[in-house]
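Structure at a glance
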Amino acid sequence: MANILHPQASVEFSCPALEAIDIVHRYGSVTALDHVSLAVEEGEFVTILGPSGSGKTTLLRVIGGFETPTSAGRLDIAGVDVRGLPANHREVATVFQHYALFPHMTVGQNVEYGLKVRGVMPAGRRRQAEEALRLVRLSDKYNRQVHQLSGGEKQRVAFARALVTEPRILLLDEPMGALDEKLRREMQVEIRALQRELKATFIQVTHSQEEALTMSDRIAVMNRGRIEQLGTPAEIFDRPATRFVASFMGMTNIYDGTVRAVDGKTVRLDVAGHILCGLWTGPNSPLIGSRAFAAIHPQRVAINPLPDGGSFGLRGQVQSAAYRGAHTDIVLETAIGDFTASVGGFAPVGGTEVAVSWHPEDCAIGAIGEAT
Amino acid sequence: MTAATFDNFAHRAARREARLIGIAIWLTLIAGFGITTLIYAPVVWLGVLSISSDPLAGLPGSFTLGWYYGLFTDTRWLHPLIVSLEIAVAVSTLCMISATLVGRVLPRLKRGRAPLLAAFLLPLVVPGIVVGIDVFIYYKMFLTLKMGIWSLILVHFIWAFPFALIGMLVVSSRFDVRLLEAAADLGASPWRRFWDIERPLLTSGVVTAGMFGFLLSLTELPRSIFVAGHTQTLPLFTWAETMSRGSHVSLIYCLNTIIAIVSIALSVLSVWLLGRRVKS
């Protein structure tokens, strides 16, 4: 049997950990998954990101075997077609948001349960469980009762319990959902380090863009049952392909306009008579005259006293300023609408006229309508 | 209003409220003590009379254990007791099985939970005598079931099931079905999920259901009257003896005292078991 520290030691696989093609799932008249496809490589950390009701949890439940999709073109886990297989016959394990630790068992019994049902002898179970607990830094908690644990410890036990079965894919359902802010940040780093150490395949579901950006190799942003964009954290954050992804990534400055000029990736967009210059996010260049959106992160905006406008700049009047600690959010009134800028030091007083500028590579321009 | 007068007003109100709370506490104590007395005084009185030399006089005096010795010489109660125990064990087993089957599923239903629960609990409010007559008319006259031990088990089960179900629901409605998903996720088959996760977490509910079945069957009278046929249960025996006003009435005092003590002990045990599970 493969060692938990070397899950690939006894296995040679070339097929992806997950290959889901054209998954459709409906609850009555509600379409939770609308022709979703997702492939995940061995050893990859993929985050499914989206607001509540976007279908992200349904997708995870379909992969885990808790939900039978209405139709699936393909659903392979490590090369095995798992359509029609219930959860207990799939080589995946889940860390639940609510942990779902068995209250009548000790920490050790919880961690060993997956091995027990696989018929592993008590001595072997114990050794593997202790190793898994050491991995999550809970070596001394083997004999504890579950109700004696703190929230963070419960989460670690849930991890150990899932990892010890050596799943082909570890599914994480909002694993940080029940933890406080500080612990959450610690766990983000720790989980990512664990995943790298084990070279294991993790699929996480979350609604937190911060969690997705810090932990993932790739992010799939879901909205209304569809994956709107699939890409690296930097691609998702800086080059959103749709308006939804842009706004979900915190781009408060989104403006619709008409494409006036295309030069390679650089696009000039006409927004209410003003030309905004940015980089095209889609795979194919847009047609001149087509509708598109421009999106800019408020953190990537510089505001300066007039008259230094900058070549891609705008003129704005300070409406209000909201102090956020590390930065200040300034709302400006500009010719193309309200514009938010997050600035570190200089916070001009209300009514001041300022120049707003940004680098064209910080302005994402993408197609309106169908996701590409 | 100045600050001083407002202060005064608030303090007066606080004193008035404190007095009211004091009165409420006293009323609660009096009611609690009164109700307890109403319930338990007759039981204690029966116990005292059972060790009196002339219990039929209605007043205790010149204490003796003679009637208890009498129970061992005049053993006509022994056969009805055995019959009652047999029935009680059967009813208890039926209650455990059926309350588990129904009680584990009822809280998980998405639709129709309330009407189903109402249907299951309705026999609680149907007078016992009515149930007895109904069962007699339907099963004996219509289905020609022979009256005896089976019909007794049937009516006792009808009577005890709602209580058994409530006992199970106290436990099963707190059961987190997501634990079963977690177990499946870890590779447990449906049977192992039931055996390893549900069974241990529902045990106190099963035990409670069995206790209710046992105790309610053991002491059941109004329904039994109609469906007993020629079978005599302990309650039927004591009832007949009490009505006959014969010389053996005094033995009934002893018998009932023993039954009361055993029943109370079993009830306390089952409530304690249930409470222990609910806490954890």
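About the cut-offs
- Residues numbered from 1 in each chain as written.
- Chains lettered and ligands numbered in written order.
- Predicted model: local features only at pLDDT ≥ 70, side-chain atom pairs only at ≥ 80, totals over all residues.
- Heavy atoms only, no water.
- Contact = heavy atoms within 4.5 Å.
- Buried area = accessible area lost by both parts, 1.4 Å probe.
- Salt bridge = Lys/Arg side-chain N within 4 Å of Asp/Glu carboxyl O.
- Polar contact = N/O pair within 3.5 Å; in protein donor to acceptor, adjacent residues only side chain to side chain.
- Helix = DSSP H or I, 4+ residues; strand = E, 2+ residues; numbered from the N terminus.
- Nonpolar A, V, L, I, M, F, W, Y, C, P; charged D, E, K, R; others polar.
- Pairing = 2+ DSSP bridges.
- Axes fitted to C-alpha atoms, helices over the stretch in contact; angles between N-to-C directions.
- Domains from an automatic or database assignment.
- Parallel < 35°, antiparallel > 145°, perpendicular 65-115°, else oblique.
- Left-handed = near helix turned anticlockwise from the far one by under 90°.

A few points about the interface of chain A and chain B
With 23 residues of chain A at the contact, the number on the chain B side is 18 residues. Taken together, both faces of the contact between chain A and chain B bury some 1700 Å²; the carbon and sulfur share is 61%. In terms of surface lost to chain B, no three residues of chain A exceed Asn88, His104 and Tyr113 of chain A, which account for 32% of the buried area on that side. For Arg61 of chain A, the salt bridge is made with Glu181 of chain B, and the minimal N-O distance between the two is 2.7 Å. Counting across the chain A and chain B interface gives six residue pairs in polar contact (both at pLDDT 80 or more). When contributions to the side of chain A that touches chain B are tallied by element, the ones reaching two or more residues are strand 6 (92-95), helix 2 (107-116) and helix 4 (151-163) of chain A. Its residues placed into classes, the side of chain A that touches chain B shows 13 nonpolar, six polar and four charged.

Looking at the sheet that holds strand 6 of chain A
All names here are of chain A. An order of 6-7-8-3-9-10 is seen for the six strands of this open sheet, with the pairing classed as mixed. The two strands at the open ends of the sheet, each matched to only one other strand, are strand 6 and strand 10 (226-231). The mean inter-strand angle of the sheet, taken between neighbouring strand axes irrespective of direction, is 20 degrees. Sheet topology note: the strand 3 (residues 45-49)/strand 9 (residues 218-223) ladder contains four bridges and is parallel. Across the sheet, Ile48 pairs through a bridge with Ala220, a residue of strand 9.

Observations regarding unusual backbone geometry
Residues and elements named next belong to chain A. Positive phi values are uncommon outside glycine, yet Tyr99 reaches one of about 65 degrees. Structurally, the position occupied by Tyr99 is in the loop between strand 6 and helix 2. Its identity is not glycine, yet Glu166 carries a phi of approximately 50 degrees, on the positive side. Relative to the elements of secondary structure, Glu166 occurs in the loop between helix 4 and strand 7 (169-173).

Some words on the domain arrangement of chain B
Residues and elements named next belong to chain B. Taken as a whole, chain B is organised into domain 1 (3-57) and domain 2 (68-279). Tallying the contact residues gives nine residues for domain 1 and nine residues for domain 2. Summed over both partners, the interface of domain 1 with domain 2 buries about 710 Å², with 79% contributed by carbon and sulfur atoms. Considering only the side of domain 1, the residues that lose the most area to domain 2 are Leu46, Ser50 and Leu56, jointly responsible for 59% of the buried surface there. Where domain 1 touches domain 2, the interface holds zero salt bridges. For the side of domain 1 that touches domain 2, the residue count by class is seven nonpolar, two polar and no charged.

Describing the packing of helix 4 of chain A against helix 5 (residues 181-198) of chain A
Residue and element names in this part refer to chain A. Following both chains from N to C, one finds helix 4 and helix 5 inclined at 15 degrees, their axes separated by 12 Å at the closest point. Judged on the interaxial angle alone, helix 5 and helix 4 are roughly parallel. Of the two possible hands of crossing, helix 4 and helix 5 adopt the one that is right-handed. Here Gly152, Gln155, Arg156, Phe159 and Leu163 of helix 4 lie close against helix 5, whose contacting residues are Leu183, Met187, Glu190, Ile191, Leu194 and Leu198.

A short note on the pattern of salt bridges
All chains considered together, the criterion is met by 29 salt bridges over all chains. Three or more residues are tied together by salt bridges with common partners; here these are Glu19, Arg74 and Asp76 of chain A.

Here's the deal with the sheet that holds strand 16 (residues 314-323) of chain A
For sheets, the rule is that strands pair by backbone hydrogen bonds, running either parallel or antiparallel. Residues and elements named next belong to chain A. Pairing within the open sheet is antiparallel, and its five strands lie in the order 15-19-16-17-18. Edge positions in the sheet fall to strand 15 (302-305) and strand 18 (337-343), since each has one partner strand and no second. Put simply, the sheet's adjacent strands are angled 45 degrees from each other on average, direction ignored. Inspection of the sheet shows strand 15 paired to strand 19 (residues 353-357) by four bridges, in the antiparallel sense. Looking at the pairing, Ile303 lines up with Val356 of strand 19.

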